[in-house]
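Observations on the three-dimensional arrangement
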Amino acid sequence: MSNQAELDDYKQQIADWYSRRSSNYDNGDWHPRIAHRLVEYAQLRSGQQVLDIATGTGLVAIEAAQIVGDEGKVIGIDISTGMLEQARRKVKELQLSNVEFHLADAEALSFPANSFDCVFCSSALIWMSDLLASLRLWHHFLKPGGLLGFHAFADRAFVGGVVARKVLAKYGVSLLFNQPTGNVEKCRNLLQTAGFKAIDIQSEEDSSYISLEQAKGIWSNGLYPVPGQFPNPLLQLSPEKLAQARSEFDAELEALQTEQGIWNDITIFYAFGRKAA
Ligand SMILES: C[S@@+](CC[C@H](N)C(=O)[O-])C[C@H]1O[C@@H](n2cnc3c(N)ncnc32)[C@H](O)[C@@H]1O
């Protein structure tokens, strides 16, 4: 596999954005915890071949590599050079020889059919331009009986995102965010339509109170680039309308504040399906 990816403007924007964030992506236990749960649910075995789609800093790939051992192999792919640099640095530190990383677009991969026992996509499915086509492509790479697992957030997750969607809808701006995978049925339908069998979706909650600052952070940190939408739909708004929407967003969040902070629902789905045996 060549270490080059031809990216359209949407994907280049995502790649650059994650590269800018790459050095502190692993800070805190949030991403590692989700990656760990996804791997844990998959019950990998020694000797298996694993593909980690949109591997980022390699959280899933590295844990998988430690489980499948020297008899097995893990390939992680991502479009962000910065994220892959972090992944490679960690693998070197851990002296793992059964995992490799490639710069590649998850929607334009060309592995032979029936190559992997397990394909993962953690915290990244909604970044794909075409979720269904992506799942179909990844299904093709699985061996018969092989397992695909992705992680996604519910549509009600992240209070800042929910309030931003609601406010912006009044301005004629529709943000998708987690809508395509926003509930168990949507995850199930995607997997079923892409040809997966034995579908199993685990729902978990990681909700807590957060500060007003954190809740507001999504506007400045999270709205650019927007998953599945390019160009960013906010660019439709004039600077005046945008400022007006921003102050409504701030006011709505301030109204939700309690002594403990703002309740932030984080419902997480761990969705799995198998290729027919
Ligand atoms: C939230 S991070 C998740 C990283 C990792 N899977 C994890 O669980 O920590 C999303 C990742 O998706 C990658 N990504 C987005 N679109 C992609 C695509 N079309 N192909 C490959 N990687 C992609 C980004 O570069 C970023 O590293």
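As the structure is a prediction and not an experimental result, all values here were calculated from the model.

Time to look at the overall build of the chain. Counting its secondary structure elements, the chain contains 9 helices and 9 strands. Overall, the C-alpha framework of the chain stretches about 55 × 35 × 35 Å when taken along its three principal axes. Sequence-distant contacts in the chain: of pairs separated by 6 or more residues, those separated by 24 or more amount to 83%. For the chain, the accessible surface area stands at approximately 12800 Å², while carbon and sulfur atoms represent 49% of it. On the chain, the mean spot of the 25 positive side-chain charges and the mean spot of the 33 negative ones are 4 Å from each other.

Right, let's talk about unusual backbone geometry for a bit. Omega for the bond connecting F230 with P231 falls within 30 degrees of zero, at -5°, which places this linkage in the cis form. A positive phi angle, close to 70°, is found at F158, a residue other than glycine. When you line up the elements, F158 lands in the loop between strand 5 (142-153) and helix 6 (159-169). The partly exposed category is assigned to F158, whose relative accessible area is 23%.

Between helix 3 (residues 59-68) and helix 4 (residues 81-94), whose axes approach to 10 Å, the crossing angle comes to 25°. Regarding the angle of helix 3 to helix 4, the classification is roughly parallel. Crossing of helix 3 over helix 4 shows right-handed handedness. Touching L59, I62 and Q66 of helix 3 are A87, K90, V91 and L94, all from helix 4.

Time to look at the site of the ligand. Taken together, 21 residues lie around the ligand, and Y25, A54, D78, A106 and S122 are the ones closest in. Here an oxygen atom of the ligand sits 2.7 Å away from a polar atom, N or O, in the side chain of Y25. A total of 590 Å² of accessible area belongs to the ligand in isolation, and the protein chains cover 98% of it. Put simply, the parts of the chain that give the shell around the ligand at least two residues each are helix 1 (9-21) and strand 2 (73-78). It is helix 1 that provides the largest number of residues to the shell around the ligand, a total of 3 residues.

Below, the discussion takes up the nonpolar core. Of all hydrophobic cores here, the largest spans 73 residues; its most connected members are L51, W138 and F150. For this core, the leading source of residues is helix 3, giving 7 residues. Setting aside chain neighbours within four positions, we find W138 in contact with I53, A106, L109, V119, C121, L125, M128 and L148. In terms of nonpolar packing, the next biggest core, distinct from the first, is built from 20 residues, L175, F177, A215 and F249 among them.

Let's shift gears to the pattern of salt bridges. In the structure shown here, the tally under the stated rule is 16 salt bridges. Two residues, K90 and D26, come together in a salt bridge whose shortest N-O distance is 2.5 Å. Highlighted residues: K90 in helix 4 and D26 in the loop between helix 1 and helix 2 (30-42), separated in sequence by 64 residues. On the basis of relative accessibility, which here comes to 23%, the residue D26 falls in the partly exposed class. Residues participating in the shared-partner salt-bridge network are K11, D105 and E107.

The next subject is the packing of aromatic side chains. All chains considered together, the criterion is met by 14 aromatic pairs. Taking 5.1 Å as the distance between ring centres and 75° as the angle between the ring planes, the aromatic pair formed by W17 and Y18 counts as edge-to-face. With a relative accessible area of 13%, W17 lands in the buried category. On the basis of relative accessibility, which here comes to 15%, the residue Y18 falls in the buried class. Judged by centre distance (5.0 Å) and plane angle (70°), the rings of Y209 and W263 are edge-to-face.

Calculation rules
- Residues numbered from 1 in each chain as written.
- Predicted model: local features only at pLDDT ≥ 70, side-chain atom pairs only at ≥ 80, totals over all residues.
- Heavy atoms only, no water.
- Helix = DSSP H or I, 4+ residues; strand = E, 2+ residues; numbered from the N terminus.
- Contact = heavy atoms within 4.5 Å.
- Areas by Shrake-Rupley, 256 points an atom, 1.4 Å probe, with all protein chains shown as cover.
- Lys, Arg positive; Asp, Glu negative; His and termini not counted.
- Charge placed at Lys NZ, Arg CZ, Asp CG, Glu CD.
- Buried < 20%, exposed > 50% of the residue type's maximum accessible area, 1.4 Å probe, protein only.
- Axes fitted to C-alpha atoms, helices over the stretch in contact; angles between N-to-C directions.
- Parallel < 35°, antiparallel > 145°, perpendicular 65-115°, else oblique.
- Left-handed = near helix turned anticlockwise from the far one by under 90°.
- Near = heavy atom within 4 Å.
- Polar contact = N/O pair within 3.5 Å; in protein donor to acceptor, adjacent residues only side chain to side chain.
- Core = buried A, V, L, I, M, F, W, Y, C linked by side-chain atoms within 4.5 Å.
- Salt bridge = Lys/Arg side-chain N within 4 Å of Asp/Glu carboxyl O.
- Phe/Tyr/Trp six-rings, centres within 6.5 Å; stacked < 30°, edge-to-face > 60°.

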